[in-house]
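For reference, the chains in residue letters:
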Amino acid sequence: MEAAERMERTNFGERHGARGRRRIAGLAALTALGVAGALLAVHGADAASLPKNAAGLPIHEPQPWEWWLQPAATPIERSIDWLLKYTLWIMAAVVVFVGALLGWCMYRYNAKRNPVPSTTTHNTLIEVIWTVVPALLLIVIFVPSLHLIYQQANYKNPYVTIDVTGHQWYWEYGYPGAKGVDFTSYAVPKDQLKPGQKQFLSVNHPLVLPAGKKVLFRITSKDVLHSFFVPSMGVQRYAIPGQRWNQWAKIDSPGVYFGECNQICGMNHDDMPIEIVALPEKQFLAWLAKAKADAKQGNVPAVAPFETVAGMHQKVKSAANEPARLQKTAFTQATVQKEVLAANGAR
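Residues numbered from 1 in each chain as written. Predicted model: local features only at pLDDT ≥ 70, side-chain atom pairs only at ≥ 80, totals over all residues. Heavy atoms only, no water.

One number sums up the size of the second largest pocket: a volume of about 410 Å³. Lining the second largest pocket are 13 residues, with Phe97, Val98, Leu101, Ile129 and Trp130 positioned closest to its centre. Those elements that provide at least two residues to the lining of the second largest pocket are helix H2 (75-108) and helix H3 (124-152). Sort the elements by how many residues they give to the lining of the second largest pocket and H2 lands first, with seven residues. Counted by class, the lining of the second largest pocket contains 13 nonpolar, no polar and no charged residues. (1 Å grid on protein atoms, 1.4 Å probe; cavity = no way out; pocket = protein on both sides within 12 Å on 5 of 7 lines; lining within 4 Å. Points joined across faces, edges and corners; volume = space filled by probe spheres on them. Helix = DSSP H or I, 4+ residues; strand = E, 2+ residues; numbered from the N terminus. Nonpolar A, V, L, I, M, F, W, Y, C, P; charged D, E, K, R; others polar.)

Laid out in structure tokens, this is it:
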């Protein structure tokens, strides 16, 4: 009888021991796959690998098989990118530790090694550890998160302010510092796309901003909930009727930046892309002066997403051979800049 019981216990232990080893191998493989995925994910594309437009400027847009954030184009987005990587590595460490602990427990305390299970139910030291360590992990995540929140809330001293208004289904952009400059931005229909324009991304009138300067967005809606979202700039704010929410950005360098409304807002929700053309300061002021002059005549400021930057380069180059016209242009730019700064200071 005793021999039979020992035999049955041995067979039981061997069966469950083999099953435990298979579980350990599977767990190790999953853990290795997860860590490898994390390692690959945190090394996303950089700005140098982005496609360029006709003027040689990078186009910040979604890339095929992209599984990390778009290359950061503002200080806010760099902070978001860093915090996500920081938190991901903490999560990876926790997963590896818990996986290794489970594997060790399955190996060390399987039925073959321990035919008579332990009756231990409490351990003061272990209970203190598994309470204190998670609390410390929450603190080390909370502190940089709070810093990012304060960084995002720093709306002081913008160079230019933009009023962003969501409509079904288009965006409206206004420049309070340049009286009369206010225009709508619609998605370009598929059958009207020009060479170089992007389906579902390009618009008829992009938002034009200065690179290297702090821009304040004041975001609202005229009808339903929308969301102003530009991933490479770290900008995302709900557009809520009757409310105005702020968000700021300081674009690192000239380029074309795409975004979208990522709040479902009705039947044509997918027809609300965002296109931003960032220009050097002098070229931005030249465009703003032209836009202000057009607004006085009741015209929408013409801004083509690819011709704009290339055209500005050509205008600046040709203006060098026309001292009188260049002097007049510089005076106009200085006047517009003074008006923009005065308007922002008044607020």
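Moving on, we get to H3. Between its first and last C-alpha, H3 extends 43 Å over 29 residues, near the 42 Å set by a 1.5 Å rise per residue. Residues of H3 that are buried include every one of Pro144, Leu148, Gln151 and Gln152, and no others. Structurally, the start of H3 carries an N-cap: the backbone nitrogen of Leu125 is 3.2 Å from a side-chain oxygen of Asn123. (Expected span 1.5 Å × (residues − 1). Buried < 20%, exposed > 50% of the residue type's maximum accessible area, 1.4 Å probe, protein only. Polar contact = N/O pair within 3.5 Å; in protein donor to acceptor, adjacent residues only side chain to side chain.)

Counting across every chain of the model gives six salt bridges. Salt-bridge contacts for Arg244 lead to Asp163; the nearest nitrogen and oxygen are separated by 3.6 Å. Remark: Asp163 occurs in strand E2 (residues 160-167) and Arg244 occurs in the loop between strand E8 (235-239) and strand E9 (245-250); sequence separation between them is 81 residues. Classification of Arg244 by relative accessible area gives partly exposed; the value is 46%. Since its relative accessible area comes to 17%, Asp163 is described here as buried. Close ionic contact of Glu281 with Lys213 constitutes a salt bridge, the shortest N to O distance being 3.9 Å. (Salt bridge = Lys/Arg side-chain N within 4 Å of Asp/Glu carboxyl O.)

Between two aromatic rings, the relevant description is the distance of the centres plus the angle of the planes. Following the criterion strictly, the structure yields nine aromatic pairs and no others. Geometrically, the ring pair formed by Tyr175 and Phe183 is stacked, given 6.2 Å between the ring centres and 25° between the ring planes. Clustering of aromatic rings is evident, with ring pairs tying together Tyr173, Tyr175, Phe183, Phe284 and Trp287. Note that Lys214 overlies the ring of Trp248, its terminal NZ or CZ placed 4.7 Å from the centroid. (Phe/Tyr/Trp six-rings, centres within 6.5 Å; stacked < 30°, edge-to-face > 60°. Lys NZ or Arg CZ within 6 Å of the ring centre and 35° of its normal.)

Turning to the sheet that holds strand E4 (residues 182-185), a few remarks are in order. Taken in spatial order, the five strands line up as E4-E3-E2-E6-E9 in an open sheet, and their pairing is mixed. Each edge of the open sheet is held by one strand with a lone partner, namely E4 and E9. Strand-to-strand twist of the sheet, defined as the mean angle between neighbouring strand axes without regard to direction, takes the value 25°. Across five bridges, the pairing between E2 and strand E3 (residues 170-174) is antiparallel. Note on E3: the bridge partner recorded for Val164 is Tyr173. (Pairing = 2+ DSSP bridges. Axes fitted to C-alpha atoms, helices over the stretch in contact; angles between N-to-C directions.)

Most of strand E7 (residues 226-230) is tucked away: five of the five residues are buried. Summarising the sheet, E7 and E8 pair through five bridges and their orientation is antiparallel. Counterpart to Ser227 in the pairing with E8 is Tyr238. Turn length for the E7-E8 hairpin, with the two strands adjacent in sequence and antiparallel, is four residues, and the turn residue Gly234 shows positive phi of about 65°. Pairing of E7 with strand E10 (residues 255-261), which is carried by two bridges, proceeds in the antiparallel orientation. Within E10, the position partnered with Phe229 by the bridge is Glu260.

This next bit is on the packing of H2 against H3. Where H2 contacts H3, the axes come no closer than 10 Å and their chain directions differ by 170°. The orientation of H2 with respect to H3, classified from their angle, is roughly antiparallel. In this structure, H2 uses Pro75, Ile76, Ser79, Ile80, Trp82, Leu83, Tyr86, Thr87, Ile90 and Val94 to contact H3, whose residues at the interface are Leu137, Val140, Ile141, Pro144, Ser145, Leu148, Gln151 and Gln152. (Parallel < 35°, antiparallel > 145°, perpendicular 65-115°, else oblique. Contact = heavy atoms within 4.5 Å.)

Let's shift gears to the nonpolar core. The biggest cluster of nonpolar side chains holds 40 residues, and the ones touching the most others in it are Tyr175, Phe217, Phe228 and Phe284. With six residues, the single largest contributor to this core is helix H4 (residues 281-296). Here Phe228 is in contact with Val164, Trp171, Tyr173, Phe217, Ile219, Val235, Gln236, Arg237, Glu260 and Ile274, once residues within four sequence places are set aside. (Core = buried A, V, L, I, M, F, W, Y, C linked by side-chain atoms within 4.5 Å.)

Now for the confidence of the model for the protein chain. In regions of low pLDDT, the predicted coordinates are not meant to be interpreted in detail. On average, residues of the protein chain score 79 in pLDDT, and 72% of them reach the 70 mark or higher. Across the protein chain, element-level confidence peaks in strand E6 (residues 214-221) with a mean pLDDT of 95 and bottoms out in helix H5 (residues 307-319) with 42. Throughout residues 304-336 the model reports pLDDT below 50, and contacts reaching past four residues in sequence, or to other chains, amount to 33 contacts. (pLDDT = per-residue confidence, 0-100.)

With that settled, the discussion passes to H2. Over its 34 residues, H2 extends 49 Å from the first C-alpha to the last, a length consistent with the 50 Å expected when each residue adds 1.5 Å. Taken residue by residue, H2 has Ile76, Glu77, Asp81, Leu83, Thr87, Ile90, Ala92, Gly99 and Gly103 as its buried positions.

Looking at where Glu275 falls in the secondary structure, it is placed in strand E11 (residues 273-279). Nearest to the buried, unbridged Glu275 among oppositely charged side chains is Lys198, at 9.5 Å. At 2.9 Å, the side chain of Glu275 and the backbone nitrogen of Val203 are in polar contact. (Lys, Arg positive; Asp, Glu negative; His and termini not counted.)

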